[in-house]
Amino acid sequence: MAADAARQVVVVGAGPAGLLLAGALRIGGAEVTVLERRTERATETRATTLNARTMEIFDELGLLDLLGVPPNEPMGHFGGIPLDLSGVDSRYPGQWKVPQTRVEELLEKWAVEQGAQVRRGVGVRSVRVRSKFAEVDGEGLDEPMRAAYLVGCDGQDSTVRSEAGIAFPGTPATHELLAADVAGIDIPNRRFERFPAGLAVASRRPDGLTRVMVHRHGHLAPRRIGAPSFSEVAAAWRTVTGEGIGHGEPVWLHAFDNAARQAERFRRGRILLAGDAAHRQMPVGGLPINLGIQDAHALGAALAAVATGRGPESLLDAYHDRRHAAVRKALSTMRVQEQLLLGGPEQDPHRTLIAGLMAHRSVRHELAAFVSGLDSQEENDAEEN
Ligand SMILES: Cc1cc2nc3c(=O)[nH]c(=O)nc-3n(C[C@H](O)[C@H](O)[C@H](O)COP(=O)(O)OP(=O)(O)OC[C@H]3O[C@@H](n4cnc5c(N)ncnc54)[C@H](O)[C@@H]3O)c2cc1C
């Protein structure tokens, strides 16, 4: 550890990436403090699926004993085309249904049990980097906090990333999916159903709420501040499916867009990035939360070794090299999925071609490995060695 740093590692953000990283750092013997702006854990609906690679990581870190065995769904999809995930080369094939709120509760309990400090109510506003330490300041801190290494796990609008001057290039939103959880409606379940005017998804949950998601072909994503109104979602639903849901009671509304960005570097000196702070993507196929957990896992062991003086700094550059390449590949494949899913009738020939290719075992296997987070096997092997 640098001589002037009061702490070995400060992590900004107690989402899935920050919390998994904190526990992994402790397992590697490093001291870590997590600073989180929210005073309470988030309760909103977000990701719902863990993939096979994430389950392998949870197993390795001893988290499965705490999680138990979640419901498993062997069928996934690639760009909305059904894809059987049960044959992938993993002890945990398929998609594991765990709400993000439960993932965060579990990870925070585990990280604290490993000895991580989680300080809530601290909103980081500024980052300074000196030769021997990095320093953060902000709301909820009596004085600036120093650490040998600072990790931004503070989500897609990352303060750490922008304060460190790390560029976040990519492509802006062009398409969007409107989403709502609605009470008091009775419509058929639909799994990525394509209509001439767009795409519709409906799924009735045991609590009686129905999650609807709808995309209108040819409708460009507007610049939005906040969630769409329910009348906008209901109008889009009627345009696409012909069904009326406007009499229902919305309890959650959201618009997902297809903006895609990746931080130019995942490391700049004493600053590192992981999770949504390092990449932004549409949550097609449930990849974002899993990518972030996989970043945090790759960084945990490397940073623990460097921060405790047991490993060379080059391990941190290797983290950048490995995860930057893996995320770049994931974003590019997600772009294909997004076009298959949200594209209009002009995508039908591509969908027919890919569905035909998916009849071949080797193609199915390759795509199932991607959706399961197992495609970069070389990278996974390197992490384990
Ligand atoms: C409505 C919605 C639905 C989603 N659905 C899916 C899905 O179906 N599948 C999927 O894979 N993903 C989905 N996602 C994306 C998924 O939630 C994210 O990929 C995941 O949360 C990223 O984890 P993270 O730890 O990188 O960042 P986050 O979960 O964003 O955590 C960042 C944390 O940092 C804190 N923070 C931010 N700034 C500061 C600061 N300056 N100081 C201190 N703390 C700070 C925040 O309060 C937050 O707790 C969804 C997201 C949303 C919003």
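To be clear, the structure that these remarks concern was listed above.
As the structure is a prediction and not an experimental result, all values here were calculated from the model.

Moving on, we get to the site of the ligand. As a matter of local geometry, the ligand sits amid 31 residues, with Gly13, Gly15, Gly155, Gly275 and Pro288 nearest to it. Only helix H1 (16-27), strand S2 (32-36), strand S9 (123-129) and helix H7 (287-307) provide two or more residues apiece to the shell around the ligand. Among the elements that line the shell around the ligand, the one with the most residues is H7, at four residues. The residue makeup of the shell around the ligand, split by class, is 13 nonpolar, twelve polar and six charged.

What follows concerns the sheet that holds strand S12 (residues 170-171). With antiparallel pairing, three strands are arranged side by side in an open sheet as S12-S18-S21. Across the chains shown, the open sheet's two edge strands, defined by having one partner strand only, are S12 and strand S21 (279-280). Sheet topology note: the S12/strand S18 (residues 260-262) ladder contains two bridges and is antiparallel. Paired with glycine 170 across the two strands is arginine 261, which belongs to S18. The sheet strands contacting helix H8 (residues 314-342) are S18 and S21, and the helix crosses S18 at an angle near 175°.

It is worth spelling out the pairing of S2 at this point. Each regular strand carries side chains that alternate between the two faces of the sheet. Counting buried positions along S2 yields four of five residues, so the element is predominantly enclosed. Direction of pairing for strand S1 (residues 7-12) relative to S2: parallel, over a ladder of four bridges. Bridged to valine 12 within S2 is leucine 35. After leaving S1, the chain enters H1 and then returns to the sheet as S2, a path that is right-handed. Strand direction decides the pairing type here: S2 and strand S8 (residues 117-120), joined by four bridges, are parallel. Across the sheet, the residue bridging to leucine 35 is arginine 119, located in S8.

Criteria and cut-off values
- Residues numbered from 1 in each chain as written.
- Predicted model: local features only at pLDDT ≥ 70, side-chain atom pairs only at ≥ 80, totals over all residues.
- Near = placed C-beta within 6 Å.
- Helix = DSSP H or I, 4+ residues; strand = E, 2+ residues; numbered from the N terminus.
- Nonpolar A, V, L, I, M, F, W, Y, C, P; charged D, E, K, R; others polar.
- Pairing = 2+ DSSP bridges.
- Contact = placed C-beta atoms within 7 Å.
- Axes fitted to C-alpha atoms, helices over the stretch in contact; angles between N-to-C directions.
- Buried ≥ 20, exposed ≤ 12 C-beta atoms within 10 Å, placed from the backbone.
- Right-handed = clockwise from strand over helix to strand, strands pointing away.

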